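Working through the structure, step by step
Residue-level listing of the chains:
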2 protein chains.
Amino acid sequence: MEKKCIGIDIGGTTVKLGVFKTDGSLLEKWEVPTRKEEGGRYILPDVASAILAKLQELEIAKEDVTGAGMGVPGPVMPDGYVEVCVNLGWKDTNPQQELENLLGGIPVRLGNDANVAALGEMWQGGGKGYSDIVMVTLGTGVGGGIIIDEKIIAGKHGLGGEIGHIHVRDGEKEHCNCGGVGCLEQVASATGIAREARRTMAALDGPSAMRQFGDEITAKDVLDCAKAGDAMAKMVMETVGRYLGIALAQVALTVDPDAFVIGGGVSKAGQYLIDVIEKYYQQYTTISSKKAVLALAKLGNDAGIYGAARLVLD
Amino acid sequence: MEKKCIGIDIGGTTVKLGVFKTDGSLLEKWEVPTRKEEGGRYILPDVASAILAKLQELEIAKEDVTGAGMGVPGPVMPDGYVEVCVNLGWKDTNPQQELENLLGGIPVRLGNDANVAALGEMWQGGGKGYSDIVMVTLGTGVGGGIIIDEKIIAGKHGLGGEIGHIHVRDGEKEHCNCGGVGCLEQVASATGIAREARRTMAALDGPSAMRQFGDEITAKDVLDCAKAGDAMAKMVMETVGRYLGIALAQVALTVDPDAFVIGGGVSKAGQYLIDVIEKYYQQYTTISSKKAVLALAKLGNDAGIYGAARLVLD
C-alpha cells in the first residue's frame, strides 16, 4: 500500500491534523481542541488518540505510515527536546519521544511551528519547486522560517528565522516584546501597521479615509484604504514596505534563497503588498540583478500540517 | 599511505597553495605568482604544474590525494562554473573541470574565496569545534561566509554571506561600490573606518591624537588611538561597533550560528574590537540570552588554503 505521512500543527487553541500521501496530496484534515490545563499534559494523548482513530477509520495500517511530524509554538532542540512552550504550558519535556511512545511504532519528528510552516510552503505552497526559501509570516507578530536545501535552519539556539526581531528602525522609542527597540515586528506586523497608522494620523493634519476608524484601526483597514488610493494610508504602507524591504534584503545577502514567501493575515492584501515591499527590496540589493523573488504564501493555515508531514520525509 | 588533500587560494597577485593531512595539519605551504595576462589563461596550468611538482618532491602519489579544493575571488555555481572573475580576467569558464583535467585524476572542488576562508576558520581556526559559523572579514571591503552544518551556504545567486552589503545606516549620502547606500562595508571596512574618522575630525572641534594623521589616517591609526584612550577615536569606533553589532545581530536572528569569527586586517585590533562590537550585538539580540559568541579569526591569510583543502573532505 502506498505510504502515508501525518502532519500535526499544535496551536494555542486547536491542534490541526492532516493525513497526506508522500507526494504531498492531502487526504484528510481535521482539528481537535488544545487542552492546556495541568501543564498541557493532555495535549499529546489527545493527538495520539485522534491519529489512531483516524488511521482506523481510513483503514491505514501503522506500517504504512512513514511518520508523523509535529510543529510546536516554541524553540525545539534537534533531539526533540523542548525547554519551554509558553502557549501550551509545556516545560522541560520531549514531545517527540512522548508522542512516539503514544503512537507505538510510528516515528515522530518535531519542529518549531514557524519553521515547519516554511517547509510546508516550500513543499506544496508559494515556494513549490524551490529548494531554498525564506518564509515571512506577517500576523500578530512577524515570524520567519529559513529552508535551505529543503531543510530547516533552526539555528544553534533556536533563533533561526527570528527575522521579526531584526533591528531595522533607528529612532524608534517604544520597546518590542523581545526587549529590543526598532524590531521589524514593531512596524510590519498587523499590530505594527495599525500602530504606524495611528501615529501617522496623529502626526499629520488633513483628511484620510483612515480617520473613520480612529484608534480602532486595523492593518486590514490601512491596506484597504491604501489600495483604494488614500494618500495617508499609502504613506503608512511605504514605511512598512521600506522596513520589510530592508529586512528581506539583509536576509537575501545572508542566505540568498530562491524566493521569499510572504504569508500571514497581512499577506491577504496580495500583490499590492508584494509591490510595495519589492520596490525597497530592489533598492537595498543593488549588488546583483539576480536575486530571490518575492511570492505570496498559498497554504494559509494549512502550511503547518503540510510542513509537519514533510518533516518525516527526509 | 595516509591520505592528503590540497588547498589552493587564488588571489589577484599570488596563488597560495598548501598540502594537508586530512586531519587538518598543514604539511607544506608555498606560493606562485598569479599570471593574469591573456584573460588569466596561464593561472590554472601554473597551479597544476606547481602541485604536480610538489607531490613529486614530497613523494606523494596521486592516488593518495583525496582532492584539491580551490577558492576563487568571485561567485561560483554548484557545478564549478564561473561567469566572471574580474580580478583574474576569467569569463564564462569552469575552472573546476579545467583543473581536474590538468591534474589528471585528482578530484577538484571550487568555492568562492570568502566562503572558503570561512570553512577554513571553522575547520582549524577561530571556529574550530563548531559546525555553524559566520565569518566576517574586515579588510579593504567587508566579506562574509556562512557555514551551516559544516557546509558553505553559497546561495542560489552567489549572494550567500554578502554581509558587507547589508544596509545598516540610514542617512548615509555616499554610494557604496555595489550601488547601494548605507552598506555595512561603507562604515566597517578599513576604508570605511578611515572615512568615518575623517568625517568625525571635520565635524568636531577639539583635540584628538587622530589629527596628526590628517586625511591620510588609516583604520589601524584609528584603532591605535582608540585603544590608547583618545576620546574622538573611541567615538568613531563606537559608531563602527554599533553598525557591526546590528549587522551581526541580524545574521544571528537569521541563521543563528555557534559563533561569529571576525577576521581581516581590522581584526588585528583584537579583543578591543570584539568588545566594542559585542556591546551593540547584545543590545540588538535581547530576544535570547543564548546566542552565537564572537571570536577572532586565527588563520590569517592561510584561511583560504585550509578551507579549500576542507572542501574536498565531504
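Data block above holds the structure.
Predicted model only: the values in this text are computed from it and were never measured. (Residues numbered from 1 in each chain as written. Chains lettered and ligands numbered in written order. Predicted model: local features only at pLDDT ≥ 70, side-chain atom pairs only at ≥ 80, totals over all residues. Heavy atoms only, no water.)

**Focus: the overall build of chain A**
Heads up, the condition is: By the criteria applied, helices consist of DSSP H or I runs no shorter than four residues and strands consist of E runs no shorter than two, each listed in order from the N terminus. For this measure, only C-alpha atoms enter the radius of gyration; the expected value for a globule follows 2.2 Å times N^0.38, where N is the number of residues. Buried residues are those whose accessible area, probed at 1.4 Å on protein chains only, stays under 20% of the maximum for their type, while exposed residues exceed 50% and partly exposed ones sit between those limits. Here the open area of atoms and residues is found with the Shrake-Rupley method and a 1.4 Å probe, where only the protein chains shown may cover a residue. Here the positive residues are Lys and Arg and the negative ones are Asp and Glu; neither His nor the chain ends is included. By convention, the point assigned to a charge is CZ for Arg, NZ for Lys, CD for Glu and CG for Asp.
Counting its regular elements, chain A contains 10 helices and 12 strands. Relative to the globule expectation of 20 Å for 314 residues, the C-alpha radius of gyration of chain A, 20 Å, shows essentially globular dimensions. When the 314 residues of chain A are sorted by exposure, 57% land in the buried category. If you sum the accessible surface of chain A, you get close to 12500 Å²; carbon and sulfur atoms cover 50% of it. Distance between charge centroids for chain A: 3 Å, based on 31 positive and 41 negative side chains.

**Quick look at helix α9 (residues 271-283) of chain A**
Residues and elements named next belong to chain A. Basically, it comes down to this: In this scheme, a helix's expected span is set at 1.5 Å multiplied by one less than its residue total. Here, two residues are considered to be in contact whenever any of their heavy atoms come within 4.5 Å of each other.
The end-to-end C-alpha distance of α9 is 18 Å, a good match for the 18 Å that 13 residues give at a rise of 1.5 Å each. Among all positions of α9, only L273, I274, V276, I277, Y280 and Y281 are buried. Looking at the buried positions of α9, the neighbouring elements they touch are β8 (133-138), α8 (231-255), β11 (259-263) and β12 (293-296).

**Quick look at the relation of the copies chain A and chain B**
Formally: Superposition of the copies used a least-squares fit over C-alpha atoms from residues whose pLDDT is at least 70 in both.
For the pair chain A and chain B, the best superposition has an RMSD of 0.0 Å and corresponds to a rotation of 180° with a translation of 0.0 Å parallel to the axis. Taken together, the rotation angle and the small translation identify this as a two-fold axis. Same-surface contact between copies: 100% of interface residues of chain A are shared with the interface of chain B.

**Here we look at the interface of chain A and chain B**
What counts is decided by this rule: As a working definition, buried area equals the accessible area (1.4 Å probe) given up by two parts on being put together, with both sides summed. We count a salt bridge whenever a side-chain nitrogen from Lys or Arg sits within 4 Å of a carboxyl oxygen from Asp or Glu. Ten residue types, Ala, Val, Leu, Ile, Met, Phe, Trp, Tyr, Cys and Pro, are classed as nonpolar, four, Asp, Glu, Lys and Arg, as charged, and the remainder, Gly among them, as polar.
Every contact between the two is made by 43 residues of chain A and, on the other side, 43 residues of chain B. Both faces combined, the contact of chain A with chain B buries some 3400 Å², and carbon together with sulfur accounts for 58% of it. For chain A, the biggest contributors to the area lost against chain B are L159, L253 and T254 of chain A; these three give 19% of the whole. If you look at where chain A meets chain B, you find 6 salt bridges. Between K156 of chain A and D258 of chain B there is a salt bridge, with its nearest N and O atoms 3.3 Å apart. Elements with a contribution of two residues or more to the side of chain A that touches chain B: β9 (142-148) and α8 of chain A. Examining the composition of the side of chain A that touches chain B, we find that 9 residues originate from one element, α8 of chain A, more than from any other. Each residue belonging to the side of chain A that touches chain B can be placed in one class, and the counts come to 19 nonpolar, 14 polar and 10 charged.

**Section: empty space enclosed by the protein**
Keep this limit in mind: Cavities and pockets were defined on a 1 Å grid built over protein atoms only: a cavity is a set of grid points that admits a 1.4 Å probe from which the probe cannot escape, a pocket is an open set flanked by protein on both sides within 12 Å along at least five of seven lines, and lining residues are those with an atom within 4 Å of any such point. Grid points are joined across faces, edges and corners, and a volume is the space filled by probe spheres set on the points.
For the structure shown, the criterion picks out 3 cavities of 30 Å³ or more. What lines the largest cavity is simply H167, V168, R169, D170, I246 and Q250 of chain A together with H167, V168, D170, I246 and Q250 of chain B. Listing elements by their share of the lining of the largest cavity, those giving two or more residues are α8 of chain A together with α8 (231-252) of chain B. For the lining of the largest cavity, a count of residues per class yields 4 nonpolar, 4 polar and 3 charged.

**So, unusual backbone geometry**
Unusually for a residue other than glycine, E38 of chain A sits at a positive phi of about 50°. You can see E38 of chain A is positioned in helix α1 (residues 37-40). Even without being glycine, D149 of chain B reaches a positive phi, approximately 55°. Note on placement: D149 of chain B falls in the loop between β9 (142-148) and β10 (151-152). D149 of chain B sits in the exposed class, given a relative accessible area of 54%.

**A few points about the sheet that holds β9 of chain B**
Residues and elements named next belong to chain B. Short version of the rule: Any two strands between which DSSP finds at least two bridges are classified as paired.
On the basis of which strands lie adjacent, the open sheet formed by 5 strands has the order β10-β9-β8-β11-β12 and mixed pairing. Two strands close off the open sheet at either side, each with one partner strand: β10 and β12 (293-296). As paired elements, strand β8 (residues 133-138) and β9 share 6 bridges and run antiparallel to each other. Bridged to T137 within β9 is G143.

**Things to note about the packing of helix α2 (residues 43-57) of chain B against helix α3 (residues 95-103) of chain B**
All names here are of chain B. We count it as follows: In this description, a line fitted to the C-alpha atoms serves as the axis of each element, helices being fitted only across the stretch in contact, and the angle between N-to-C directions of two axes falls anywhere from 0 to 180 degrees. When describing relative orientation, an angle under 35 degrees is termed roughly parallel and one over 145 degrees roughly antiparallel, while 65 to 115 degrees is termed roughly perpendicular and anything else oblique. Two helices that cross are described as forming a left-handed crossing if the nearer one is turned anticlockwise from the farther one by less than a right angle, and a right-handed crossing if clockwise.
Across the interface, α2 lies against α3 with an axial gap of 9 Å and an inter-helix angle of 40°. When the axis of α2 is compared with that of α3, the two are oblique. Here α2 and α3 pass one another in a crossing that is right-handed. Facing L44, P45, V47, A48, I51 and L52 of α2, the residues of α3 in contact are P95, E98, L99, L102 and L103. Its residues placed into classes, the contact of α2 with α3 shows 10 nonpolar, no polar and 1 charged.

**Points about the nonpolar core**
Basically, it comes down to this: Residues belong to a common nonpolar core when they are buried Ala, Val, Leu, Ile, Met, Phe, Trp, Tyr or Cys residues joined through side-chain atoms within 4.5 Å.
Residues M210 and F260 of chain A together with M210 and F260 of chain B are the most contacted members of the largest nonpolar core, which totals 104 residues. In terms of residue count, α8 of chain A provides more of this core than any other element does, 15 residues in total. Those residues in contact with M210 of chain B, other than ones at most four positions away along the chain, are A197, M201, I217, V222, C225, D230, M232, A233 and V236 of chain B.

**Some thoughts on α2 of chain B**
Residue and element names in this part refer to chain B. Quick reminder of the rule: Here the arc refers to the set of directions running from the helix axis out to each C-beta atom.
Helix length check: α2 (15 residues) gives 21 Å between terminal C-alpha atoms against 21 Å at 1.5 Å per residue, within 8%. The set of residues buried in α2 consists of I43, L44, V47, A48, A50, I51, K54 and L55. The buried residues of α2 occupy an angular sector of 165° when projected down its axis, which confines them to one face. Exposed side chains of α2 directed beyond 90 degrees from the buried face belong to Q56 and E57.

**Here we look at the packing of aromatic side chains**
The condition that has to hold: Stacked, tilted and edge-to-face pairs are distinguished by plane angle, under 30 degrees for stacked and over 60 for edge-to-face with tilted covering the rest, among Phe, Tyr and Trp rings (Trp via its six-membered ring) whose centres lie within 6.5 Å. A ring is scored as having a charge over it whenever the NZ atom of a lysine or the CZ atom of an arginine sits within 6 Å of its centre and within 35 degrees of its normal.
Applying the stated rule across the entire model yields 6 aromatic pairs over all chains. Relative to Y306 of chain A, the ring of F20 of chain A lies with its centre 4.7 Å away and its plane at 65°, an arrangement referred to as edge-to-face. Of the two residues, F20 of chain A is situated in strand β2 (residues 14-21) and Y306 of chain A in helix α10 (residues 303-311); the sequence distance between them amounts to 286 residues. You'll find F20 of chain A and Y306 of chain A in the same group, each marked buried. Taken together, the aromatic side chains of F20, W123 and Y306 of chain A make up a single cluster linked through ring pairs. The lysine or arginine in question, R242 of chain A, covers the ring of Y243 of chain A, its NZ or CZ lying 5.4 Å from the ring centre. Lying over the aromatic face of W30 of chain B, K54 of chain B brings its terminal NZ or CZ to 4.6 Å of the ring centre.

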